[in-house]
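Fold and contact review
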Amino acid sequence: MAWRVHQYGEFEKALVHETCPPPKPAGKQGIIRVSAIGLNFLDVLSIAGQYQEKSPLPFIPGVEAAGRIVETAEDCPFQVGDRVMTVGESGAFAEYMVVEPKNTFVFPEDMTYADAAAMQLVYQTAHVGLIHRARLSKDDFLLVHAGAGGVGTAAVQIGQACGARVIATAGSDDKLDICRKCGAAFVINYQKENFVDSVKEITGGHGADVIFDPVGGAVFDDSTRCIAFEGRIVVIGFASGKISKIATNRVLLKNIDIVGLYWGNYKKFDPEIFRKTQDALYDLYRSGDIKPLIYRQFPFSALPEALASLAGRKSYGKVIVDGPSIR
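The structure reproduced in this document is the subject of the present report. In this text, all values refer to a predicted model and were calculated from it rather than measured experimentally. (Residues numbered from 1 in each chain as written. Predicted model: local features only at pLDDT ≥ 70, side-chain atom pairs only at ≥ 80, totals over all residues. Heavy atoms only, no water.)

1. Things to note about the nonpolar core
Spelled out, the test is: Residues enter a nonpolar core if they are buried and are Ala, Val, Leu, Ile, Met, Phe, Trp, Tyr or Cys, with the set joined through side-chain atoms within 4.5 Å. The classification of residues rests on relative accessible area computed with a 1.4 Å probe and restricted to protein chains. Under 20% of the type maximum is buried, over 50% is exposed, and intermediate values are partly exposed. Secondary structure is summarised from DSSP: a helix means a run of H or I of at least four residues, a strand means a run of E of at least two, and numbering begins at the N terminus for each. Pairs of residues are marked as contacts when any of their non-hydrogen atoms sit within 4.5 Å.
Counting 58 residues, the largest nonpolar core has Met119, Leu142 and Phe212 as its most contacted members. For this core, the secondary-structure elements that each account for two or more residues are strand 5 (83-87), helix 3 (113-133), strand 8 (141-144), helix 4 (150-161), strand 9 (165-170), helix 5 (173-182), strand 11 (208-213) and helix 10 (272-286). Per-element accounting of this core gives the leading share, eleven residues, to helix 3. If near-sequence neighbours (up to four positions away) are discounted, Phe212 is found in contact with Thr125, Ala126, Leu130, Leu142, Leu143, Val144, His145, Val151, Ala155, Val234 and Ile236. Within the second largest apolar cluster, 34 residues are counted, among which are Trp3, Met97, Leu303 and Leu307.

In structure tokens:
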């Protein structure tokens, strides 16, 4: 069974629940029986044909999953029975999914399938963005926008684990509570407060040393007003739907760095960073410093409902869907 797309469009109409033949592995590939699926906003864009990497029709959406290896090609490094998490180009919304070794990792025995499906993409993004790109240090003031979202909760937890002083923004008091639960020392309701003024007050006029921005638009513009001298803004996405133009006078006067993070491009330019980062994340998981925050775990038949909770901004943390064979 799978959810497949034959024509791009809104997921409520484009997704078709149907029987599909299981895929076959080739080269170094393996096949997993999917136990848990991690949803991401890019899934909504992909189904609509609006993601930067457009999947040819028809296709099975979904990029993030966890499951057990059930079949391998001749050169596959995994063994049948291995429990793995993976992020692929597509194919997660199904009972069986092809996995590539470079994007797939055996996960610890004490980790659940749901945690594994919730962990890889957002935690890798947050860790590479904060540690590799922004050089986050102990005692830095870290501002995380959309701190209750999937990548936001990951960034808050990783920042707290690094000893940063974490400030998180969110649009409701309930979501501020989520940010606090993940380790934010300070929270700002951007619906009620001007976050620029609040950041300046929290930091005693110093500003944020690192700003983690998955929102873009006006949020990015205002972030340049509360960044510290030699601060770093990490641009990871444009959830607002708007791409900002940079006021370069602020870049100059504050000696700030604006760095981009398109996590998927490391598959082409530096794939080894995935393994190094995953090892670091496993250490943080075992020590209890990070733990995926799961909003809700939906049955496979309710996958469109699960996507709706994500697309409608109702959810926090990660939305998980069980594989079709899970009862």
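Okay, back to it.
2. Some details on unusual backbone geometry
For the peptide bond that leads from Leu57 to Pro58, omega is -15 degrees, which places it in the cis range. With respect to the helices and strands, the residue Pro58 is situated in the loop between helix 2 (41-48) and strand 4 (64-72). The backbone of Arg135 shows a phi angle near 55 degrees, a positive value even though the residue is not glycine. Tracing the sequence through the fold places Arg135 in the loop between helix 3 and strand 8. Of the residues examined, Arg135 reaches a relative accessible area of 44% and is grouped as partly exposed. Phi angles above zero are rare outside glycine, and Asp139 is one such case at about 75 degrees. Relative to the helices and strands, Asp139 is located in the loop between helix 3 and strand 8. For Asp139, a relative accessible area of 41% translates into the label partly exposed.

3. Digging into the environment of Lys314
Relative to the helices and strands, Lys314 resides in the loop between helix 11 (303-311) and strand 15 (318-322). Taking the C-alpha atoms as reference points, Lys314 and Thr224, 90 residues apart in sequence, are found 28 Å from one another. Residues in contact with Lys314, not counting those within four places in the same chain, are Tyr295 and Ser309.

4. Section: the packing of aromatic side chains
To keep things clear, this is the line we draw: The criterion for an aromatic pair is that two Phe, Tyr or Trp rings (for Trp, the six-membered ring) have centres within 6.5 Å, with stacked assigned to planes under 30 degrees apart, edge-to-face to planes over 60 apart and tilted to the rest. Both a distance and an angle decide whether a charge sits over a ring: NZ of Lys or CZ of Arg must be within 6 Å of the ring centre and within 35 degrees of the ring normal.
With the rule as written, the count across this model stands at five aromatic pairs. Summarising the aromatic geometry, the rings of Tyr8 and Phe59 are spaced 6.2 Å apart at their centres and angled 45 degrees between planes, so their arrangement reads as tilted. On the criterion of sequence distance, the pair formed by Tyr8 in the loop between strand 1 (2-5) and helix 1 (11-14) and Phe59 in the loop between helix 2 and strand 4 is long-range, its members being 51 residues apart. For Tyr8, a relative accessible area of 27% corresponds to the partly exposed category. Ring centres of Phe107 and Tyr113 lie 5.7 Å apart, and the angle between their planes is 80 degrees; this geometry places the pair in the edge-to-face category. It is Arg83 that lies over the ring of Tyr113; its NZ or CZ is 4.8 Å from the centre. The ring centre of Phe141 lies 3.8 Å from the NZ or CZ of Arg165, which sits over that ring.

5. Notes on the sheet that holds strand 12 (residues 227-235)
This is how it is decided: DSSP calls a pair of strands paired once it identifies at least 2 bridges connecting them. Angles here are taken between N-to-C directions and fall from 0 to 180 degrees, while the axes themselves are lines fitted to C-alpha atoms, restricted in helices to the stretch in contact.
With respect to topology, six strands assemble into an open sheet ordered 10-9-8-11-12-13, the strand pairing being parallel. Strand pairing shows two members of the sheet lacking a second neighbour, strand 10 (186-189) and strand 13 (257-260), which therefore form its edges. Taken over all neighbouring pairs, the strand axes of this sheet differ in orientation by 15 degrees on average, direction set aside. Where strand 12 and strand 13 come together, four bridges link them in parallel fashion. Each residue of the ladder has a partner; that of Ile233, found in strand 13, is Ile258. Here helix 3 sits on the sheet in contact with strand 8, strand 11, strand 12 and strand 13, set at roughly 150 degrees to strand 11. Helix 4 rests against strand 8, strand 9 and strand 11 of the sheet, and its axis sits at about 170 degrees to strand 8.

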